[in-house]
Amino acid sequence: MNLKTLLKWIYTKGSNYNLFMLEEHDYNDDDDIKDPAIILKHQKNKTRLYVILLAVCLYVLFYVTLIRREYETVVISRITSDIFKKLSSEHIETLSCPCRRSIISYENFVFNNLTMHPICSSVFVDKQWIEGLYFANASLYASWDFRTTAFSQFELLSKFCSLSNETIFQIQTDINNINFISIELQSEAQVQLGVDGFIDIQKNNAFDRIKSFLNYLNTTIQGNLLASALGTNWIVGIRYETQNIFYPYPSIVAYTFNYSSMQKCGENNFVAPATLNSLLVGPTDYNPRIMIIGVLNSAIVNGFFTACTPLEAILESTLHCLYETECIQLLLNYFPKLNQMNFNWNNSVLTSKHQNISVINHLNTLFIENWSTKINYSTYFHQCSPSMCTYTTRNRVNLSIAITLFISLYGGLIIILRFVASYFIDILSKLKDHSNPQNTQTFSSIQAMKQLNLFKNIHDRTGASIRQQRIITRIYLIFLFGSISILLLFTTLSNEITTITISNPSIIIYKSLENIYSTTLRCPCSNKTISHQTFMSFSPTFHQICSSGFIDDAWIKMLKSSRNYYVSNDWSNKANQQFQLLSDLCRLANRTIIDAIDRFLSQVFIASSIMNEMDFNKQLNSSINQFYQSTLYHFEFQKNIIELIMQVDQLYAGIFIIGSDYSNIGLIVNVITNETNNDTTSQIQLISAGIQNIDSTSVECVCAIDPSCQNPAVIYDPYFDFEWNNDVNLIYNISGWMQGCLAIDSLLLSTLQCLYVDSDCFPRILNYLAIRNLVSISLLSSSLRIQPLVYESAVSRFPPDTSVSLIVKELMMEQWNPSLSYQHFYESCAPIYCSYSQTVRKESFIGVIIKLVSMIGGIVVSLRMLIPHLVKFISRVSTKPKENPKQPEQIERSCIDRLKMMVQNLIKVLRTTFVELNIFTTRDLGSDVDRVTAKRYGRWATRLYILLFLSGLTILMFYTLIQTHTLTKTFAKPSFTYFNHLTKIYGDELKCSCSKIASTYDQFVRIEPVFHLVCTSPFVSEQWRLYLVSGLVPNLTVYEQRDYRRFLSAHLQYLQGLCQLSQQAVNNSISEFLTSLLVTVELLSRINFQNRLVISIEQSKSNAPVLFSRLLYLTQLIFHGNAFISTYGTDFTYLLTNYEVDFDVYSPTEAVIYDNECSCGMSSNCTTQATFIETNSSTSTKLSVKGMKMGCIPSESFRLSTLECFYDQSCLDLIQQYTNYPNSLTPLSTTTNFSRFPQNTTISELINHLFIEKWSTEMNYSSYYEQCLPSLCSYTSIEKFNLLYTITVILGIQGGLTIVLKWICPKLVRVGSKIYYHRKKRITPVHSTVCIEIPSTAITNTTWNCVIEPMNIRPQNNVMLRSQSFFKMVFVIGLLICILIGIIMFSIYYAQQDSTTDMSVINNSNTTIYTTIATSWSSS
């Protein structure tokens, strides 16, 4: 067989190919065309047009479907860490893995590794080492001698290490108690970044609070010149004029270098190297102690200093001595007690590399040298436990969809194109015939429709049958067009949620998208941690006093030189000290504000996604307001704590001596006479400060009793002659300026109105200063820029009559002037892409056409099969059946017999039907097959058809249906009631996007603390306390040193102050929490909402007492470390020593000893039982006060006391008796309000709990819901079976498979039979067959399974021609199949290549991508 013959055969077959021949049961009732040749020609033309249209349309629709840019949301369950890492690297832009547990404790997966400075774990901070440095007579050594302050310095160092360890432990505890909020699973880098940022904030907050507190405390100590018992900043001597006339003579310690310059404590900050020398200063030598100057040939203690206070000295120390064996040996030589310790000092020397860093710098970092944080990501992953991950990807055509699509399109196109080709050719022929004048008939569409019959049967052409066939046709058409219309309408109107992604959007594009798609817009940041300083700045402006000449050194120097040496109460005598404090407070406020701003700006703003400008401003403004509130509160809180301790303990403040007036220095010499032997002894007593009357020297207010003692500040006539007249003339009362107990009190109680331009006070002050000091005239005209303050309400928020305490409370701040830049925030965030969801039509026009075409084949096949049977059934039912004559004596059969018979008949019918079933006509099997053979072939082809149809339908349906599909249901703006209903149905799978992502907690949380009963009792009333102690002698020194009447007022003041500070701390903690923001992009479930709030509230509650306790501890350790003296005389006393007339004799100090030989020099916790002492002429009686302690200082002794006395009526009666209180005292109730604290609970423990009995918390989920105000709720599920999708697949596959198998099965049977007989002929002898044609039967004489042939004998060459024709047909069919497969594979490959190209373009350009939540076929 050559190529020419093959091509000729193909051409002949193609030219004679006819697919439009009438079926066996069909007939042509068109009377217009009678010529069979014309009919055959039209059929061939229809066939050619049909084949062309089928090939083109099938390929075009199939290819268009393959290249459609559809995406699907892929859902992956059983997520592992490796799978997530792989997904993160491949689908980072759209990957979403919601956590089952969104709240994960840091304790479970965060591990901190700290390295502390070796000093804090060395022997040098042990109690034994520190006690070895203690000298009971330390004040006998000179101030520059290291033995004076060594114990205090190392005690402070040890306490600083302990404080650092406790603070670090608290930070770690806070970190462990705080939860990591992870709505979605994050990568390891993101988790590490978030954890590091949070820990840095915690560390920096702790560092800066200690730093700020020390700065303020130093300012207070220096400004008030608190006297140290060690004599480092203030010493007391006794000046003996005669043997019986002597008086205290105090002096401020100064530092000089070669006597060329002098710096005094309280005015300057200085340090000098600490030295050791075997030559001691004389114990009574006064003058050498006034100045800190080194002694020749003294050994320097490397890295240690001396200063006005041990605190200043140790903070500047570098600890260099502790790294040197020689220096340690030097200490051993001068501190004998150290030699009694069982230590190997060679091993105790610090061995790490010494860095020249001061202790203050170490303390600012809590002595931490290294802090590394590691996370256990596997633990975090396990805690998050994502149930699934979803990501959006480009949909790839799989095998099942491709085959299903091809078969479905083929089935639909065959039906449509057969109709189109036939109708088109018929129209052309009719138009052609219409031009012929012989054809006068008019085409009538209406008549044609009436006569339309799609169910013709040539064997049944009766009138009734034709009428029924036309009815069937009409019903069929109605159902067909109805089904198509419903399908078309449903497909056209069907919606889906589509996610649209825009890569690298600009801020303009983002804002336009946010205006339209605000509820679903999501733009993940490429940089998720952004420093505040990248988009925020502050330009603080301070009160004008802080930039005026009133805080210049020249002004303060002028005030110092203008003192009134004749009147101690003159304002000018303390003005320089107050303005120095004002200058220090301005610098402190500036440093505090700058440090706070730097700390705040260095924090990171964690933004997983870009937020709109409104939410950005709201969240940042809330953070800024919290920053303001926190900064001001902590400053005020530390100020209040220091003021409370100083007021309660009545620390002795050094006084600048004016002239020879020693009446107001707070020291007196008492001469005590022993009534038994008349021996007299003298002792120096401290007197509590008081406010003198302006017109006299009498004290009208004692500071220990009334902390608000004050008088107007006045200037006295400088020209008054005191030698002739003792009266003092008052010349001017300074407007707004007050005189208080301490310099800081005087300043804070005053106003600055005298310094304003519209006040007549300011010119008089300048005139007074000019008169007092001629130097001031040149200062005022040259170097000083003294200009009065000017009040402008638009610029300043502090009127002139505002108290300085209020200005200081606001940190001298006028305006913070924050500046936020959303543009910079957006640029720093740099969103990789923006995605938003919108509801769109599920199918485009092309998609609707493809779906319609794919399903129409199944609809047609199903209707053509069902409608005839349905109509016939209805016709049979509607026809009244004829009544059968009754049969006489019917034998009743049992039900079982009848059931058996019915089953047997049914089986017989089914068997007969299945054996004889033939759905193929003779034409389907070929024109060269006789009817008997065709019938047998038809039955075989029918069985093959049923087998292949069921198998193919089952396989394709099963393979297609097992594919999972993501189904998303949306609910727009659900009410709270409807949301609760949805929650019951869908549970935690329901996701709702908040329209307001940030809300303050006070919108849905209420917190009410309940304090200890004592804090609401009269015992903390200021009025009651003053009334109670009014019966005592104002000068408390008249009572015995250990008489509780000395401490009673102080203890009540401390109790009142502790309750107030506790309430302040609690209320601030609550306010900070309630004004902070709860940021939730998605609505939290009720359980998650409650859990998250409970954890946050518990964290806030646990943090509330930490700062209070820490600041109290830090204040007390510094005051004791500096050995500050209490005017109560209960911790240190000044001693009288041997004297010589006309000499100033130094008065050292001695620590008071309490129970168990506890010395106040070594510990401030020394106490004894508080008692009322009643002294008679010969005996003294001591009555114990239940639960109360006395000790070194009132604050420490009260901290170790209990409230038992306040519950005991007899104890209160005792207090009433010894205070001469006229009214009865009512004890605290033990029945009306149950307390969790026993009566014997120490005050220290109450402080640690802030006196709180319980917290009352109320959370309102409905209010949170209203704040979130979800605009859209959605429920996403994975389903493997969808009824609508199943029906769609069945209709599409059924139509295509039916048509394809009805065409191919007969061919397969023919091919199989010919192969079978061809093989038989090769092994079986050929017998001649005589065939006799009989009208009804065929008789054959074949002896071996001979095929019955008609009674005609064909020549051998016809057999050979048929064999060649058969092989040609097989070859052509195989060639066509190969071409078809090649075209399909090329189309799929090209479509995938086009998909890959598009994806690369999308990722590298600003391209819009449409992402469909459900796959296109699953949504069908």
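Look above for the structure.
As a starting point, this report considers the structure included with it.

Conventions adopted
In this numbering scheme, every chain counts its residues from 1 along its sequence in written order. For this predicted model, a pLDDT threshold of at least 70 governs which residues receive local features, and a threshold of 80 or more governs which side-chain atom pairs are given and counted, while totals over whole chains, interfaces and linings are taken from all residues. Hydrogen atoms and water are omitted, and side-chain values are computed over all heavy atoms in the structure. Lines fitted to C-alpha atoms define the axes, with helix axes restricted to the stretch in contact, and inter-axis angles between N-to-C directions lie between 0 and 180 degrees. Helix and strand definitions follow DSSP, with helices as H or I runs of at least four residues and strands as E runs of at least two, each counted in order from the N terminus. Any angle from 65 to 115 degrees is called roughly perpendicular, while one under 35 is roughly parallel, one over 145 is roughly antiparallel, and all others are oblique. Note: crossing handedness is left-handed where the near helix turns anticlockwise from the far helix by less than a right angle, and right-handed where it turns clockwise. Note on definitions: a residue-residue contact is assigned when non-hydrogen atoms from the two residues lie within 4.5 Å. Here the nonpolar group is Ala, Val, Leu, Ile, Met, Phe, Trp, Tyr, Cys and Pro; Asp, Glu, Lys and Arg are the charged ones; every other residue, Gly included, is treated as polar. Note on classification: 1.4 Å probe, protein chains only; a residue is buried when its accessible area is under 20% of the maximum for its type, exposed when over 50%, partly exposed between these limits. Pairing of aromatic rings covers Phe, Tyr and Trp, the last through its six-membered ring, and needs centres within 6.5 Å; plane angles under 30 degrees mean stacked, over 60 mean edge-to-face, and all others mean tilted. A pair of cysteine sulfur atoms is labelled a disulfide when the two atoms are within 2.5 Å. Definition used in this section: a nonpolar core is a set of buried Ala, Val, Leu, Ile, Met, Phe, Trp, Tyr and Cys residues joined via side-chain atoms within 4.5 Å. We define a salt bridge as a side-chain nitrogen of Lys or Arg found within 4 Å of a carboxyl oxygen belonging to Asp or Glu. Any residue with relative accessible area above 30% and no salt bridge may belong to a patch, with like charges joined within 9 Å and the nonpolar Val, Leu, Ile, Met, Phe, Trp and Tyr side chains within 5 Å. Shrake-Rupley sampling with a 1.4 Å probe provides the accessible areas, and residues are treated as covered by the protein chains on show and by no other component. Any two strands between which DSSP finds at least two bridges are classified as paired.

1. Things to note about the packing of helix α19 (residues 613-649) against helix α32 (residues 1086-1121)
Two packed helices can be described by the angle between their axes and the distance between those axes. It is the contact of α19 with α32, at a shortest axis distance of 10 Å, that shows an interaxial angle of 45°. Judged by the angle between their axes, α19 and α32 are oblique. Between α19 and α32 the crossing geometry is right-handed. Of the residues in α32, those touching α19 at Y633, H634, F637, Q638, I641, I642, I645 and M646 are L1107, F1108, L1111, L1112, T1115, Q1116 and F1119. Looking at the contact of α19 with α32, its residues break down into 11 nonpolar, 4 polar and no charged.

2. A look at the side chain of T1149
Assignment of secondary structure puts T1149 in strand β35 (residues 1149-1151). Taking the relative accessible area as the measure of exposure, T1149 reaches 9% and is therefore buried.

3. Overview of the packing of aromatic side chains
Counting across every chain of the model gives 66 aromatic pairs. Judged by centre distance (5.3 Å) and plane angle (20°), the rings of Y255 and F270 are stacked. Taken together, the positions of Y255 in strand β7 (residues 254-256) and F270 in the loop between β8 (262-264) and β9 (271-276) put the pair 15 residues apart, joining distant regions of the chain. For the residue pair Y255 and F270, the accessibility class agrees, reading buried in each case. Note on F550 and F762: the rings are 5.6 Å apart at their centroids and 80° apart in plane angle, and the pair reads as edge-to-face.

4. Focus on unusual backbone geometry
Here the phi dihedral of L319 falls at roughly 65°; this positive angle occurs in a residue that is not glycine. The residue L319 is located in the loop between α8 (310-316) and α9 (325-334) in this model. L319 sits in the buried class, given a relative accessible area of 1%. The phi dihedral of L1250 falls on the positive side, at around 55°, and the residue is not glycine.

5. A short note on the state of the cysteines
With the rule as written, the count across this model stands at 17 disulfides. Linked covalently through their sulfurs, C523 and C834 form a disulfide whose S-S length is 1.9 Å. The chirality of the disulfide connecting C523 with C834 is right-handed, given an S-S dihedral of about 115°. Within this pair, whereas C523 is found in the loop between α16 (507-516) and β15 (529-531), its partner C834 is found in strand β27 (residues 833-841), the two being separated by 311 residues in sequence. Each member of the pair, C523 together with C834, is buried. Through a disulfide, C992 is tied to C1273; the S-S separation comes to 1.9 Å. On the S-S bond that ties C992 to C1273, the torsion sits near 110°, and the link is right-handed. On the criterion of sequence distance, the pair formed by C992 in strand β29 (residues 990-994) and C1273 in strand β41 (residues 1270-1279) is long-range, its members being 281 residues apart.

6. Focus: the environment of Q650
Within the secondary structure layout, Q650 lies in the loop between α19 and β19 (667-673). A sequence separation of 544 residues divides Q650 from P1194, and the C-alpha atoms of the two residues are 8.9 Å apart.

7. As for the nonpolar core
Grouped together as the largest cluster of nonpolar side chains are 306 residues, with contacts concentrated most on I119, F579 and F1251. Broken down by element, this core gets its largest block of residues, 15 residues, from α19. Residues within four places of F1251 in sequence aside, it is in contact with V1010, F1011, H1012, V1014, C1015, L1055, L1058, C1059, S1062, I1243 and L1246. Membership of the second largest hydrophobic core comes to 15 residues, among which are F455, L477, M855 and V871.

8. Observations regarding the pattern of salt bridges
Scanning the entire structure with this criterion turns up 15 salt bridges. Between K203 and D200 there is a salt bridge, and its shortest N-O distance comes to 3.6 Å. On the criterion of helical spacing, the pair formed by K203 and D200 is a turn pair, its members being 3 residues apart in helix α7 (residues 188-224). With relative accessibility at 13%, the residue K203 sits in the buried group. Note on D200: relative accessible area 36%, which makes it partly exposed. K1101 is paired through a salt bridge with E1098; the nearest N and O atoms lie 2.9 Å apart. Highlighted residues: K1101 and E1098, both in helix α32, separated by 3 residues, approximately one helical turn. When its relative accessible area of 42% is taken as the criterion, E1098 is described as partly exposed.

9. Considering a nonpolar patch on the surface
Where nonpolar side chains cluster on the molecular surface, the patch consists of I478, F479, L870, F873 and I874 and spans about 500 Å² of accessible area. If one sorts the elements of the nonpolar patch by residue count, helix α25 (residues 845-878) sits on top with 3 residues. Tracing the backbone shows L870 in helix α25. Judged by its relative accessible area of 38%, L870 falls in the partly exposed class.

10. Quick notes on the environment of N165
Position of N165 among the secondary structure elements: in helix α6 (residues 146-177). N165 sits 201 residues away from L366 along the chain, and the two C-alpha atoms are 7.7 Å apart.

11. Some remarks on the environment of S526
Structurally, S526 is set in the loop between α16 and β15. For S526, a relative accessible area of 45% translates into the label partly exposed. Each C-alpha atom of the pair S526 and A830 lies 5.6 Å from the other, and the pair is 304 residues apart in sequence. Those residues within four positions of S526 in sequence are excluded, and the remaining contacts are C829, A830, P831 and I832.

12. Quick look at helix α35 (residues 1209-1219)
Within the span of α35, buried status applies to C1211, L1212, L1214, I1215, Q1216, Y1218 and T1219. On the buried face of α35, the contacting elements are α30 (1022-1029), α31 (1045-1075), β38 (1167-1175), β39 (1180-1191) and α34 (1204-1207).

13. With respect to the sheet that holds strand β5 (residues 234-240)
In sheet architecture, strand pairing relies on hydrogen bonds along the backbone and comes in two forms, parallel and antiparallel. Ordered by their spatial adjacency, 3 strands build an open sheet running β6-β5-β34, and the pairing between neighbours is antiparallel. Both outer strands of the open sheet, β6 (246-252) and β34 (1144-1147), are each paired with one neighbouring strand and no more. Going across the sheet, the axis of each strand differs from the next one's by a mean of 35°, ignoring polarity. The pairing of β5 with β34 spans 4 bridges and is antiparallel. Paired with I238 across the bridge in β34 is V1145.

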